[in-house]
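# Descriptive structure summary
Here is what each chain is made of, one letter per residue.
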Amino acid sequence: MHDSATIRAHALAAALIFALGAPFGAVPAAAQEPAAPPPAPAQAAETHIGLIYRPQPAPSSYDAEAPPEDEGVAGARMGIADTNTTGRFTKQSYALDEVALTEGGVSAVDAARGLAAKGVRYVVLALPADEVLAVSDALKGSGAALFNAAAPDDRLRGADCRANLFHVAPSRAMLTDALAQYLTVMRWRKLFLIVGPNEADKLYADALRNSARKFALKITAEKPWTFGPLAKARGDTPTRAEAMVFTRGLDYDMAVVADEAADWGDYVPFRTVDPRPVGGTQGLVATSWAPVLETWGAAQAQNRFRRLSGRLMRPLDYQVWASIRAVGEAATAKKTADPAVIVPYLTDPAFNLPAYKGVSLSFRPWDHQLRQPLIVVQPKALVSVAPEQGFLHQRTPLDTLGIDLPETACKLK
């Protein structure tokens, strides 16, 4: 027989099960079925950013300064990685669509149309000015936003400006203005301008002349370079002796070289008859980026780039990186990657791009040029940063570099 305590326990259990709606002896449903799995986290929306570029050809002979084959591409890959780091917190992700233009392959326009057909609405162009313009016109009305990361031509910000094109590469006017500001601060006002034979050299010289007028510098002498690519010559040649006396009898504080192909500009320093500094496209250079920049967090960016690519970061790498980061910063701020929202926001005063320059960068609404400080460097050290102190502007000192609103020939269309 069961004792009374046992009988009472069974009775209490039966009453409890009956009150819960289960028959006596049944196992509760919660114990029979596994718990429902938690809902899956929302998937990040993936935004594709295209990069159209021409791979750098391998040099035919040893060249210590030859551009790396992945110039620009490595910057794009770091830009995607950095943007995805931020995107993890906002449920946004980014992917890079690389298109390398090879000899005999598709044109830049066909490559851009192919990306647009796949739904890519942001495309970075590491291309010359003519191809940038052709792509911009081909994608007009498609809703795509294009970023010029390489072409410094002022006409792309002037008479040939386009509403769907944003310029992250500094213009030639910005580069020569930055150099001219430093020369003004140093009171090196008399310039000897040496112009190379290429069309790009002539465009740089035009920009330098405009900067000289703008900052009250005087070009006291100007000569074309006619001695060939001496900076790349091997051994001594008769033309070297001729170049040694190229600067004789001139009155100037600084020689400014216009040699965008780097054929001869590096030959000039330390070979002038009188001891004078050399700047322009070689020597003392204004640029968007250089390995010697370490302040404002740039050292961390330099180290991160080196770990990812195994080499130093170059200006084109930085400009492609900044193009991708501009898309990411805008998408984070607006919580969408819709070009209909992002493109107008890029020129909104609220937009800003942190980019290791000490100040946030922004796009000028009148020509879509990225406002940015430029660094003035020699090969081993940072010399100065433009805008220089004392150069003021009613909007921002950054607008003292390049073509300002009252002078612009741009009519966005």
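Because the structure is a prediction, the values reported are computed rather than measured. (Residues numbered from 1 in each chain as written. Predicted model: local features only at pLDDT ≥ 70, side-chain atom pairs only at ≥ 80, totals over all residues. Heavy atoms only, no water.)

## Some points on the overall build of the protein chain
Counted only if it meets this: Helix and strand labels come from DSSP, where a helix needs a run of H or I of at least four residues and a strand needs a run of E of at least two; each type is numbered from the N terminus. Only protein chains enter the calculation, and the probe is 1.4 Å; a residue is then buried if its accessible area is under 20% of its type maximum, exposed if over 50%, and partly exposed in between. By definition, residues are in contact when any of their heavy atoms lie within 4.5 Å. Calculation of accessible area relied on Shrake-Rupley with a 1.4 Å probe; when residues are assessed, cover is drawn exclusively from the protein chains displayed.
Secondary structure assignment for the protein chain yields 11 helices and 14 strands. Considering the protein chain as a whole, with its 413 residues, one finds that 47% of them fall into the buried category. The long-range share in the protein chain, meaning contacts at least 24 apart out of those at least 6 apart in sequence, stands at 68%. Split by element, the accessible area of the protein chain, about 20,400 Å² in all, is 58% carbon and sulfur.

## Thoughts on the packing of helix 6 (residues 172–186) against helix 7 (residues 199–214)
Defined as follows: The angle between two axes is taken between their N-to-C directions and runs from 0 to 180 degrees, where each axis is a line fitted to C-alpha atoms and a helix contributes only its stretch in contact. Between 65 and 115 degrees an angle is taken as roughly perpendicular, under 35 as roughly parallel, over 145 as roughly antiparallel, and anywhere else as oblique. For any pair of crossing helices, the crossing counts as left-handed if the nearer helix is rotated counterclockwise from the farther one by less than a right angle, and right-handed if it is rotated clockwise. Under the grouping applied here, Gly and all other residues not named as nonpolar or charged are polar, the nonpolar ones being Ala, Val, Leu, Ile, Met, Phe, Trp, Tyr, Cys and Pro and the charged ones Asp, Glu, Lys and Arg.
Packing of helix 6 against helix 7 leaves a shortest axis separation of 8 Å and a crossing angle of 50°. With respect to helix 7, the element helix 6 is oriented oblique. Here the hand of the crossing between helix 6 and helix 7 comes out right-handed. Note on element contacts: helix 7 touches helix 6 through A200, L203, Y204, A207, L208, S211 and K214, opposite R172, A173, T176, D177, L179 and A180. Here the residues of the contact of helix 6 with helix 7 are counted per class, giving eight nonpolar, two polar and three charged.

## Examining the pattern of salt bridges
Using the following cut-off: For salt bridges, the criterion is a side-chain nitrogen of Lys or Arg within 4 Å of an Asp or Glu carboxyl oxygen.
In the structure shown here, the tally under the stated rule is 21 salt bridges. Note that D177 is salt-bridged to K214, the shortest N-O span being 2.7 Å. Here D177, found in helix 6, pairs with K214, found in helix 7; they are 37 residues apart in sequence, far enough to count as distant. Overall, K214 belongs to the partly exposed group, its relative accessible area being 42%. Among the salt bridges present, the one from E329 reaches R325, with a minimum N-O distance of 2.5 Å. Note that E329 and R325 are positioned in helix 10 (residues 315–334) at a spacing of four residues, about one turn of the helix.

## Some words on the packing of aromatic side chains
Rule in force here: To pair, rings of Phe, Tyr and Trp, with the six-membered ring standing in for Trp, must have centres within 6.5 Å; the planes then decide the type, stacked if under 30 degrees apart, edge-to-face if over 60, and tilted in the middle.
Inspection of every chain in the model, using the stated rule, returns 17 aromatic pairs. Between W225 and F227, the ring centres sit 4.9 Å apart and the planes meet at 75°, which makes this aromatic pair edge-to-face. For the pair W225 and F227, a shared accessibility class is recorded, and that class is buried. Look at Y345 and F351: their rings are 5.8 Å apart centre to centre, the planes differ by 90°, and that puts the pair in the edge-to-face class. On the basis of relative accessible area, Y345 is assigned to the buried category, the value being 11%.

## As for the nonpolar core
Note on soluble globular proteins: their nonpolar side chains tend to be buried together. The condition is simple: Nonpolar cores were defined as sets of buried Ala, Val, Leu, Ile, Met, Phe, Trp, Tyr and Cys residues, with membership established by side-chain atoms within 4.5 Å.
Of all hydrophobic cores here, the largest spans 46 residues; its most connected members are F147 and F363. When residues of this core are assigned to their parent elements, the largest contribution, 10 residues, is made by helix 10. Once residues lying within four places of it in the same chain are set aside, the contact partners of F363 are F147, F166, H167, V168, A326, L346, T347, F351, H368, Q369, L370 and R371.

## Observations regarding the state of the cysteines
Cut-off, in case you're wondering: When two cysteine sulfur atoms lie within 2.5 Å, the pair is treated as a disulfide.
Following the criterion strictly, the structure yields one disulfide and no others. Residue C161 pairs covalently with C410 via a disulfide, S to S 2.1 Å. The disulfide joining C161 to C410 has a torsion of about 100° about its S-S bond and is therefore right-handed. A residue pair is termed long-range when its members are at least 10 positions apart, and C161 in the loop between strand 4 (145–148) and strand 5 (165–167) and C410 in the segment after strand 14 (381–386) qualify at 249 residues. Residue class for C161 comes out buried when judged on its relative accessible area of 1%.

## Observations concerning the pairing of strand 2 (residues 92–100)
The two faces of a sheet get side chains in turn, since along a regular strand they alternate between them. The line we're drawing: The pairing criterion is simple: DSSP has to find at least two bridges between the two strands. Look down the strands so they point away from you; if the path from the first strand over the helix to the second goes clockwise, the crossover is right-handed.
Two strands pair when backbone bridges link them, and strand 1 (residues 45–53) and strand 2 are joined in this way by nine bridges, in the parallel orientation. The residue of strand 2 that forms the bridge with G50 is D97. Handedness of the β-α-β unit built from strand 1, helix 3 (residues 73–90) and strand 2 comes out right-handed.

## Points about the confidence of the model for the protein chain
Test applied: Per-residue confidence from the predictor is reported as pLDDT, a score between 0 and 100.
On average, residues of the protein chain carry a pLDDT of 90, and 87% of them reach 70 or more. Within the model, pLDDT remains below 50 along residues 11–33, and this stretch shows six contacts once partners closer than five positions in the same chain are excluded.

## Some words on helix 5 (residues 129–138)
Since the α-helix packs 3.6 residues into each turn, any two residues three or four apart lie on the same face. Within helix 5, burial applies to A129, E131, V132, L133, V135 and S136. On its buried face, helix 5 sits against helix 4 (108–117), strand 3 (122–126), strand 4 and strand 5.

## Quick word on unusual backbone geometry
With omega at 10°, the peptide bond leading from A386 into P387 counts as cis. As for its placement among the helices and strands, P387 is situated in the segment after strand 14. Positive phi, normally seen in glycine, also occurs at W296, with a value near 60°. Tracing the sequence through the fold places W296 in the loop between strand 10 (284–287) and helix 9 (298–309). Assessed through its relative accessible area of 43%, W296 is described here as partly exposed. Phi is positive for K335, close to 60°, though the residue is something other than glycine. Inspection of the secondary structure puts K335 in the loop between helix 10 and helix 11 (339–346). On the basis of relative accessibility, which here comes to 71%, the residue K335 falls in the exposed class.

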